[in-house]
Amino acid sequence: MSKELDRIPIGKVKRASKFVTTGAKVGVNYVKAYSKAAINGKLNKEELDSDNARDIYDSLSELKGSALKMAQLLSMDQNVLPKAYSDKFAMAQYSAPPLSYPLVKKTFTSNLGKDPNEIFDTFGKRASNAASMGQVHKAELNGEKLAVKIQYPGVGDSIKSDLKLAKPFALKLMNVKGKEVEPYLKEVEGKLLEEADYGLELKQSMDFAEKCQQVQGVFFPRYYPELSAPQILTMSWLEGEPIGDWMKGEQSQVSRDRLGQILWNFYMFQMHELRMMHADPHPGNFIIDDKNDLGVIDFGCIKHIPNDFYQAYFELANYETLDNPERVSQLFKQLEIIRPSDTEKDVKTVTAMFTDLIRLLSRPFNDGIFDFSDDAYFSEIYMKGEQISKDPEMNRLQARGSRHFIYFNRTFFGLYNILHSLKAKVDCSKIDFLRVA
């Protein structure tokens, strides 16, 4: 666990000054890098990226909240950032620096009017894990083990201002223009505001867990409204091994395939049956119990799927549709991939690039039984992303598609990456989402 933080900058001025200081550090890194290049005759881009990634991540870790969450979001798409950034920012998923116990006590006092030890029989002073928006402590009450999630101070109040301050960094790293990504940033802002609303998370968690109980091989915590508050969420402690640790062990292929199928079924049930999804599929949100079943421990980010987007998205995932240019054109317009202002040349460029990309990403749906351990497939995805990012025409036509793509793509990218790490072979044509072989 990282070193504990004794304070978090809360006021707008303090948080803004942190961004300014970080910008200055990045500026110094560029000066140092170009000074060395003048002497050596070559710019060491990897060293520059590494220095910048360290300084930016360290600052975001102190700020917590939406600033650190943005780093987590960026780290999940390895096509967007240089490797030094995606590797460093990935730490925001489950190993960010935790708050010190005095700050935890202060949060309890302001939310529930008591210290943790006045509420629980036992309460762990050190966080079990810490992420971008909050951290989890282990507790016991009446013989039951509990997980107590505590939101960092100022998270909800600073989301809008933080995103404005972090925007220049994100645009620079992603090489995009502010105006074109405004709808997507609004979508992210809305989801972050929801994640900061623990009352909403409590309600959504209980509802989602109840609806998904019928999916075989998946289990969820019980939630305790009476022990929860605007910045505190209490649930039962799920025993098990973090999926990241489990995957590193010597697991049989049968176990890997079974767990991969459970994950696939769980997500397809959400999308096809519930028209909503757990849109935060990173390893820190899953554990494996002694029966090799899948425990889901965080429902802070739930995306509701509009029916028209759902229909168009999954129709395009079918190769028969992609082989029909007229239908592709209709769906691309519906999904805002093709815009009314596009020239004939623009339409041709965008259609060709996105058709190829969708064909690649939807291969598991069309192959039926798919081997996610295939390194060549994931290399193909990364190469396609790099091709798009370096294509001058696509850069000119950047930021395409409905705002709903953000969390849909994030979900599939996270799911595919976990299945790849699992080295699982999955029946992606499976219609019965409730059973596992």
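Quick caveat: nothing in here was measured; it's all calculated off a predicted structure.

Quick look at the pattern of salt bridges
Within the structure shown, the criterion is met by 14 salt bridges. Across the pair Glu187 and Arg403 runs a salt bridge, and its minimum N-O distance is 2.5 Å. Taken together, the residues span a long stretch of sequence, with Glu187 in helix α8 (residues 178-195) and Arg403 in the loop between α18 (392-396) and α19 (405-422) at a distance of 216 residues. Under the relative-accessibility criterion, Arg403 is labelled partly exposed at 40%.

As for the nonpolar core
Within the largest apolar cluster, 67 residues are counted, with the highest numbers of intra-cluster contacts made by Leu263 and Phe266. The biggest single contributor to this core is helix α11 (residues 253-274), with nine residues. In this structure Leu263 touches Ile243, Phe286, Leu294, Leu415, Ile418, Leu419 and Leu422, once residues within four positions along its chain are discounted.

As for α11
Here α11 spans 30 Å end to end across 22 residues, near enough to the 32 Å set by a 1.5 Å rise per residue. Two residues or fewer past α11, Arg275 is found with a positive phi of approximately 55 degrees.

As for the pairing of strand β4 (residues 144-151)
Burial runs high along β4: six of the eight residues are buried. Pairing between strand β3 (residues 134-141) and β4: eight bridges, direction antiparallel. Directly across from Val136, in β4, lies its bridge partner Lys149. A loop of two residues connects β3 with β4, the two strands running antiparallel in sequence, and Asn142 in this loop sits at a positive phi of about 55 degrees. Where β4 and strand β6 (residues 232-236) come together, five bridges link them in antiparallel fashion. Each residue of the ladder has a partner; that of Leu146, found in β6, is Ser236.

What about the sheet that holds strand β5 (residues 218-219)?
One key point about sheets: their strands pair by backbone hydrogen bonds, in either a parallel or an antiparallel sense. Read across the sheet, four strands follow the order β5-β10-β9-β7 without closing on themselves; strand pairing throughout is mixed. Of all strands in the sheet, those bounded by a partner on one side alone are β5 and β7 (241-242). Taken together, the three bridges between strand β9 (residues 286-288) and strand β10 (residues 294-296) define a ladder with antiparallel strand orientation. Opposite Ile288, over in β10, you have Leu294 as the bridge partner.

Describing the packing of aromatic side chains
Counted according to the given criterion, the structure contains 30 aromatic pairs. Judged by centre distance (5.2 Å) and plane angle (80 degrees), the rings of Phe309 and Phe405 are edge-to-face. Of the two residues, Phe309 is situated in helix α12 (residues 307-316) and Phe405 in helix α19; the sequence distance between them amounts to 96 residues. Here Phe309 falls in the buried class, since its relative accessible area comes to 4%. Considering the side-chain rings of Tyr377 and Phe378, the 5.4 Å spacing of their centres and the 80 degrees angle between planes classify their relative orientation as edge-to-face. Here Tyr377 falls in the buried class, since its relative accessible area comes to 1%. A residue is classified by how much of its surface remains accessible, and Phe378, at 4% relative accessible area, is buried. One Lys or Arg, Arg275, reaches over the ring of Tyr310 and ends 3.6 Å from the middle of that ring. The ring of Tyr319 is capped by Arg359, whose NZ or CZ atom sits 5.1 Å from the centre of that ring.

Considering the packing of α12 against helix α14 (residues 325-334)
The geometry of α12 relative to α14 is characterised by a closest axis approach of 10 Å and an angle of 145 degrees between their N-to-C directions. Judged by the sense of rotation from one axis to the other, the crossing of α12 with α14 is left-handed. Mapping the contact onto sequence places Asp308, Ala312, Glu315 and Leu316 in α12 and Arg327, Val328, Leu331, Phe332 and Gln334 in α14.

A closer look at the pairing of β3
The element β3 is extensively covered by neighbouring structure, given that six of its eight residues are classed as buried. Taken together, the two bridges between strand β1 (residues 122-123) and β3 define a ladder with antiparallel strand orientation. Along β3, the bridge assignment pairs Thr122 with Glu140. Of the strand pairs in this sheet, strand β2 (residues 129-130) and β3 are connected by two bridges, and their pairing is antiparallel. When the sheet's bridge partners are listed, Asn129 is paired in β3 with Val136.

Here we look at the packing of helix α9 (residues 198-212) against α11
Orientation of α9 relative to α11, taken along the N-to-C sense of each, is 100 degrees, at an axis distance of 11 Å. In terms of orientation, α9 lies roughly perpendicular with respect to α11. In contact with Phe208, Lys211 and Cys212 of α9, α11 contributes Phe266, Phe269, Gln270 and Leu274. Among the residues making up the contact of α9 with α11, the classes are represented as five nonpolar, one polar and one charged.

Examining the confidence of the model for the chain
For the chain, per-residue confidence averages 79 on the pLDDT scale, and 68% of positions sit at 70 or higher. Segment residues 74-82: pLDDT under 50, and 29 contacts once partners within four positions in sequence are set aside and those in other chains are kept.

Remarks on α14
Within the sequence span of α14, burial applies to Val328, Leu331 and Phe332. Down the axis of α14, the buried set is contained in an arc of 105 degrees. They therefore lie on one face. The exposed residues of α14 that point more than 90 degrees off its buried face are Glu326 and Lys333. As for α14, its buried residues are in contact with α12, α13 (319-322) and α15 (344-361). Immediately downstream of α14, the backbone of Glu336 shows phi near 65 degrees, a positive value.

Criteria and thresholds
Residues numbered from 1 in each chain as written. Predicted model: local features only at pLDDT ≥ 70, side-chain atom pairs only at ≥ 80, totals over all residues. Heavy atoms only, no water. Salt bridge = Lys/Arg side-chain N within 4 Å of Asp/Glu carboxyl O. Helix = DSSP H or I, 4+ residues; strand = E, 2+ residues; numbered from the N terminus. Buried < 20%, exposed > 50% of the residue type's maximum accessible area, 1.4 Å probe, protein only. Core = buried A, V, L, I, M, F, W, Y, C linked by side-chain atoms within 4.5 Å. Contact = heavy atoms within 4.5 Å. Expected span 1.5 Å × (residues − 1). Pairing = 2+ DSSP bridges. Phe/Tyr/Trp six-rings, centres within 6.5 Å; stacked < 30°, edge-to-face > 60°. Lys NZ or Arg CZ within 6 Å of the ring centre and 35° of its normal. Axes fitted to C-alpha atoms, helices over the stretch in contact; angles between N-to-C directions. Left-handed = near helix turned anticlockwise from the far one by under 90°. Parallel < 35°, antiparallel > 145°, perpendicular 65-115°, else oblique. Nonpolar A, V, L, I, M, F, W, Y, C, P; charged D, E, K, R; others polar. pLDDT = per-residue confidence, 0-100. Arc of directions from axis to C-beta.

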